[in-house]
Amino acid sequence: MKRIRIYIAPLVLIAIWQCLSWSGIIPYFMLPSPFNIIAALWDIIFTGVPPGHLLHDHLLYSLYRVLLGFAAAVIAGVPLGILMGWSTRLREFVSPLVEMVRPIPPLAWVPIAILWFGIGIRSAAFIIFLGAFFPVLLNTASGVHSISPILIDAARTLNATDKDIFFKVLVPGSVPSIFTGMRVGVGVAWMTLVAAEFVSVENGYGLGYMIMVARDIQRPDEILAGMVIIGLTGLVINILLRYAESWIVRWN
Amino acid sequence: MDVFRDISFTVEHGQFVSIIGPSGCGKTTILKIISGLEKASEGEIYIDDNHLTGPDKMVGLVFQEYALFPWRTTLQNVEFGLEIKGMEKRRRKSAAGDYIKAFGLDGFEDKYPFELSGGMQQRVAIARTLINDPAVLLMDEPFSSLDGPTRNSLQDFLLKIWQERKVTILFVTHSVEEAVYLSDRVIVLSGRPAKIVKIIDLDYPRPRGRTAIRSSPAAKEIFDLLTDETIPVHM
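Residues numbered from 1 in each chain as written. Chains lettered and ligands numbered in written order. Predicted model: local features only at pLDDT ≥ 70, side-chain atom pairs only at ≥ 80, totals over all residues. Heavy atoms only, no water.

Attention now goes to the overall build of chain A. When helices and strands are tallied, chain A shows 11 helices and zero strands. When the elements of chain A are put in sequence order from the N terminus, they spell out α-α-α-α-α-α-α-α-α-α-α. Principal-axis analysis of the C-alpha atoms gives chain A an extent of 75 × 55 × 30 Å. Taking all 252 residues of chain A together, the buried fraction comes to 45%. Within chain A, residue pairs in contact and separated by at least 24 positions form 73% of the contacts whose partners lie at least 6 positions apart. In the structure as shown, chain A presents an accessible area of about 13,600 Å², 72% of it carried by carbon and sulfur atoms. With 16 positive and 13 negative side-chain charges, chain A shows a spacing of 9 Å between the two charge centroids. (Helix = DSSP H or I, 4+ residues; strand = E, 2+ residues; numbered from the N terminus. Buried < 20%, exposed > 50% of the residue type's maximum accessible area, 1.4 Å probe, protein only. Contact = heavy atoms within 4.5 Å. Areas by Shrake-Rupley, 256 points an atom, 1.4 Å probe, with all protein chains shown as cover. Lys, Arg positive; Asp, Glu negative; His and termini not counted. Charge placed at Lys NZ, Arg CZ, Asp CG, Glu CD.)

The helix and strand inventory of chain B stands at nine helices and eight strands. The C-alpha atoms of chain B give 18 Å as radius of gyration, which agrees with the globular expectation for 235 residues (18 Å, within 12%). Along the three orthogonal principal directions, the C-alpha set of chain B runs to about 65 × 40 × 30 Å. Residue pairs at least 24 apart in sequence account for 69% of intrachain contacts in chain B once pairs closer than 6 positions are excluded. (Rg over C-alpha atoms; globule rule 2.2 N^0.38 Å.)

Our focus in this paragraph is helix 4 (residues 89-102) of chain B. Residues and elements named next belong to chain B. Taking 1.5 Å per residue as the helical rise, helix 4 with its 14 residues ought to reach 20 Å, and the 20 Å between its terminal C-alpha atoms agrees with that figure. Every buried residue of helix 4 is accounted for by Arg92, Ala96, Tyr99 and Ile100. Relative to the axis of helix 4, the buried residues are bounded by an arc of 100° and lie together on one face. For helix 4, the exposed residues set more than 90 degrees away from the buried face come down to Arg90, Arg91, Asp98 and Lys101. (Expected span 1.5 Å × (residues − 1). Arc of directions from axis to C-beta.)

Glancing now at the pairing of strand 5 (residues 136-140) of chain B. All names here are of chain B. The element strand 5 is extensively covered by neighbouring structure, given that five of its five residues are classed as buried. Residues Val136, Leu138 and Asp140 of strand 5 are buried on one face, and the alternating residues Leu137 and Met139, pointing to the opposite face, are buried as well. Taken together, the four bridges between strand 4 (residues 59-62) and strand 5 define a ladder with parallel strand orientation. Residue pairing in the sheet places Val59 in a bridge with Val136 of strand 5. (Pairing = 2+ DSSP bridges.)

Before going further, it helps to examine the side chain of Asp221(A). Residues and elements named next belong to chain A. Relative to the helices and strands, Asp221 resides in helix 11 (residues 220-248). Look at Asp221 and you get buried, because its relative accessible area is 7%. Polar side-chain contacts of Asp221 include one of 3.2 Å to the side chain of Tyr28. (Polar contact = N/O pair within 3.5 Å; in protein donor to acceptor, adjacent residues only side chain to side chain.)

What follows deals with the confidence of the model for chain A. Note: predicted coordinates in regions of low pLDDT should not be interpreted at a detailed level. When pLDDT is averaged across chain A, the result is 92; 100% of the residues are at 70 or more. Taking the mean pLDDT of every element in chain A, the minimum, 89, falls on helix 9 (residues 175-199) of chain A and the maximum, 96, on helix 7 (residues 149-157) of chain A. (pLDDT = per-residue confidence, 0-100.)

With that settled, consider the sheet that holds strand 5 of chain B. All names here are of chain B. If you walk across this open sheet you meet the six strands as 4-5-6-1-7-8, and the pairing is mixed. For this open sheet the edge positions go to strand 4 and strand 8 (196-201), each flanked by a neighbour on one side alone. Along the sheet, successive strands turn relative to each other by an average axial angle of 15°, direction set aside. (Axes fitted to C-alpha atoms, helices over the stretch in contact; angles between N-to-C directions.)

Moving on: the interface of chain A and chain B. Counting residues at the interface gives 17 residues for chain A, matched by 25 residues for chain B. Surface buried jointly by chain A and chain B totals about 2,000 Å² across both partners, of which 71% is contributed by carbon and sulfur atoms. The interface formed by chain A and chain B includes two salt bridges. For the interface between chain A and chain B, the tally reads three residue pairs in polar contact (both at pLDDT 80 or more). Of all elements in the fold, only helix 7 and helix 8 (162-173) of chain A reach the threshold of two or more residues within the side of chain A that touches chain B. Per element, the largest residue contribution to the side of chain A that touches chain B is seven residues, and it comes from helix 7 of chain A. Considered class by class, the residues forming the side of chain A that touches chain B number nine nonpolar, three polar and five charged. (Buried area = accessible area lost by both parts, 1.4 Å probe. Salt bridge = Lys/Arg side-chain N within 4 Å of Asp/Glu carboxyl O. Nonpolar A, V, L, I, M, F, W, Y, C, P; charged D, E, K, R; others polar.)

So, on to the confidence of the model for chain B. Of all residues in chain B, 96% have pLDDT values of 70 or greater, and the mean over the chain is 91. Interface predicted TM-score (ipTM) for the complex: 0.91; the corresponding pTM is 0.84.

Once that is clear, we can look at the pattern of salt bridges. Considering all chains together, one arrives at 23 salt bridges over all chains under this definition. Lys27(B) serves as the salt-bridge partner of Glu141(B), at 3.9 Å between the closest nitrogen and oxygen. With Glu141(B) in the loop between strand 5 and helix 6 (148-165) and Lys27(B) in helix 1 (residues 27-34), this pair connects stretches of sequence that are 114 residues apart. As far as burial versus exposure is concerned, Glu141(B) and Lys27(B) are alike and both buried. Taking the shortest distance from any N to any O, the salt bridge between Glu83(B) and Arg92(B) comes out at 4.0 Å. Residue Glu83(B) shares its accessibility class with Arg92(B), and that shared class is buried. Salt bridges linked by common partners bring Lys168(A), Arg72(B), Glu79(B), Glu83(B), Arg92(B) and Lys93(B) together as one network.

Turning our eyes to something else, we now look at the environment of Ser215(B). Residues and elements named next belong to chain B. Mapped onto the secondary structure, Ser215 falls in the loop between helix 8 (210-214) and helix 9 (217-230). With a relative accessible area of 60%, Ser215 lands in the exposed category. Sequence-wise, Ser215 and Lys32 are 183 residues apart; in three dimensions their C-alpha atoms are separated by 32 Å. In terms of polar contacts, Ser215 uses its side chain to reach the backbone carbonyl oxygen of Thr211, at 3.1 Å.

Structure follows, in structure tokens:
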């Protein structure tokens, strides 16, 4: 019953939308109807936008860029976050910088990224890195910070050294928060990606790039179809991470 | 402000000594200082001729809240100390296995702490501490969050372990019943700043009857001392 219930609201909404489109209240050029979008999905899968550039290639390039930037964010953010959560001094030292850089939208970095890395995968990955880095860093730090001090005391009385405490208490204890950071981070990365691809694509592939092309050739149905794919992919990534989390963090 | 002053006592090898006092009097702080988790502004601690200056492998501490690592299974919690020492995996697994058996935890080796009852969690915690073979076992109100029957059975279990392994125990509690049932000697503390009010030796033979020991003169004396200390007098 619950399974059915979660589909009711979206289906009703889509039905109303379709009716409004049929009746002409919503014009095609403002918002194509659900059927238009399904037809457009067919186009982008089999014909491609621009022609020959098929959906799965756009998707793979986008995923590749996200993976690169996101992996860099995790590799840098997790260790630094653990250190920040552990050492009050380091936290006091780094926090002002983090809090100043963090509010700058990744997109504001685009000109600098292009200046530093040129147009291409490296600048796209850099922008995605910026989007994902802070959620990963801050969640990891707060995870370490919230590890009960009594566990650290227990480890000390069992003769653990600082190194033992780092690797055997702080790291495993912050895994759930690291996952939270990764899920938030990958969401931001995915959002950032599409925007980054509006401006920094070298090879004509990427979901953001595809949407820009659809805009240029005035195909709102293909724009919407691209948006649907982006949303669904984000959903799938989130579900996969949740699975990984519940598989790795069996103790929580 | 001083948490306590002039607290000095000796525990003999193999003795079971309890510290009892009003809540908030700093009983836990005494254990934290002995275990090296906190530094005393003054004073010294010796085990035989060894001056303790920090966490020491001769001292083990069992916490009221169990303090098990939630991401480790029973087996992994118990073997933690051996892993820290760098013992080879197969040897420490078999050593931890022996403790698990002796502590009645077989079948629960691969369970995480959240899957165990409070009494089992505390047994895992005691095993985790004892596997390091400490000369002195410090226990900070270890049974106070357990229900009555579980607490009784863990008290008996602890006595059995204590007698088998000849370990010295320093046990903090706020329960007179628990102190007189378990201990050879009870140290009664006052409220803050805590001082030693009296040290009472309990020469009752073991095994003791719970009802008999509860109504013993020693129990009454401790109870009266604590009542005096707990009710603040305003002038």
